[in-house]
Amino acid sequence: MGLVLLFAEAKAQETHTLNSSKITYSGYHVAHNWTGVSEEAAKGLLTASNGALQRIAITVPLSSFDSNSSNRDSNALRVLNAILHPEVRFYSEQIEQIDDKTVELFGFFELNGIQENYRLKLRLIRESDQIHLLGDFKVNLSDFDLKLPRFLFKPVEDEIDLSVDLKFKQNL
């Protein structure tokens, strides 16, 4: 009897590994706007228990973002202190299901070695052995003690837009 109960508890815990991702950021300046995309370099893990999402961890190398301008990308890596802190991370142990298609994550981003709490509302799509999370949100660069670069004597805007498209495949 004890072995059956142990198996039932173990089966209730699910682990999903990031299978594909697309993470996009958009930055703004009075002279021009730009977008950078990372599609291949993210690592992530998602756990669930009895279908309820419990934890998520995502790591993305800053060097994986491409804005179609190598000069802008290398400058971004300098501004983000990527030599000392080469990744941006998000971690949450508090995930609330708002409804069948929406979850809210209470966690933190880590950038430039600084952790800052954020609340993200994401769309949830369940597909057989996959969990798909999508959403848009805003992040302030000044939260991470970053000096905003200047162009034509004006700094870039502090707030950037982020968009995530994350697909997790269940580990069997």
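An account of the accompanying structure is given in this report. Computed from a predicted model, the values in this text were never measured in an experiment.

Let us now look at the overall build of the protein. The helix and strand tally for the protein stands at two helices and eleven strands. Starting at the N terminus and ending at the C terminus, the protein contains elements arranged as α-β-β-β-β-α-β-β-β-β-β-β-β. Across its three principal directions, the C-alpha atoms of the protein cover 70 × 30 × 25 Å. Sequence separation of at least 24 residues holds for 58% of the intrachain contacts in the protein that already meet a minimum separation of 6. Accessible surface for the protein amounts to roughly 10400 Å². Of this, 52% is attributable to carbon and sulfur atoms. Both charge centroids of the protein, one from 18 positive and one from 24 negative side chains, sit 3 Å from each other.

Here we take up the nonpolar core. With 39 residues, the main nonpolar core has Leu 53, Ile 56, Phe 109 and Leu 133 as its most contacted residues. Residue contributions to this core peak at five residues, all from strand β11 (residues 159-170). What Leu 53 contacts, discounting residues up to four positions off in sequence, is Leu 46, Thr 47, Ala 48, Ile 95, Val 103, Leu 124, Arg 126, Ile 131 and Leu 133.

Turning to the packing of aromatic side chains, a few remarks are in order. A complete count under the given rule lists six aromatic pairs for this structure. Consider the rings of Tyr 25 and Phe 65, whose centres lie 5.7 Å apart with planes at 70°: the pair is edge-to-face. Placement of Tyr 25 in strand β1 (residues 13-28) and of Phe 65 in the loop between β4 (52-61) and α2 (70-79) is noted, with a sequence separation of 40 residues between them. Residue Tyr 25 shares its accessibility class with Phe 65, and that shared class is buried.

Rules and cut-offs
- Residues numbered from 1 in each chain as written.
- Predicted model: local features only at pLDDT ≥ 70, side-chain atom pairs only at ≥ 80, totals over all residues.
- Heavy atoms only, no water.
- Helix = DSSP H or I, 4+ residues; strand = E, 2+ residues; numbered from the N terminus.
- Contact = heavy atoms within 4.5 Å.
- Areas by Shrake-Rupley, 256 points an atom, 1.4 Å probe, with all protein chains shown as cover.
- Lys, Arg positive; Asp, Glu negative; His and termini not counted.
- Charge placed at Lys NZ, Arg CZ, Asp CG, Glu CD.
- Core = buried A, V, L, I, M, F, W, Y, C linked by side-chain atoms within 4.5 Å.
- Buried < 20%, exposed > 50% of the residue type's maximum accessible area, 1.4 Å probe, protein only.
- Phe/Tyr/Trp six-rings, centres within 6.5 Å; stacked < 30°, edge-to-face > 60°.

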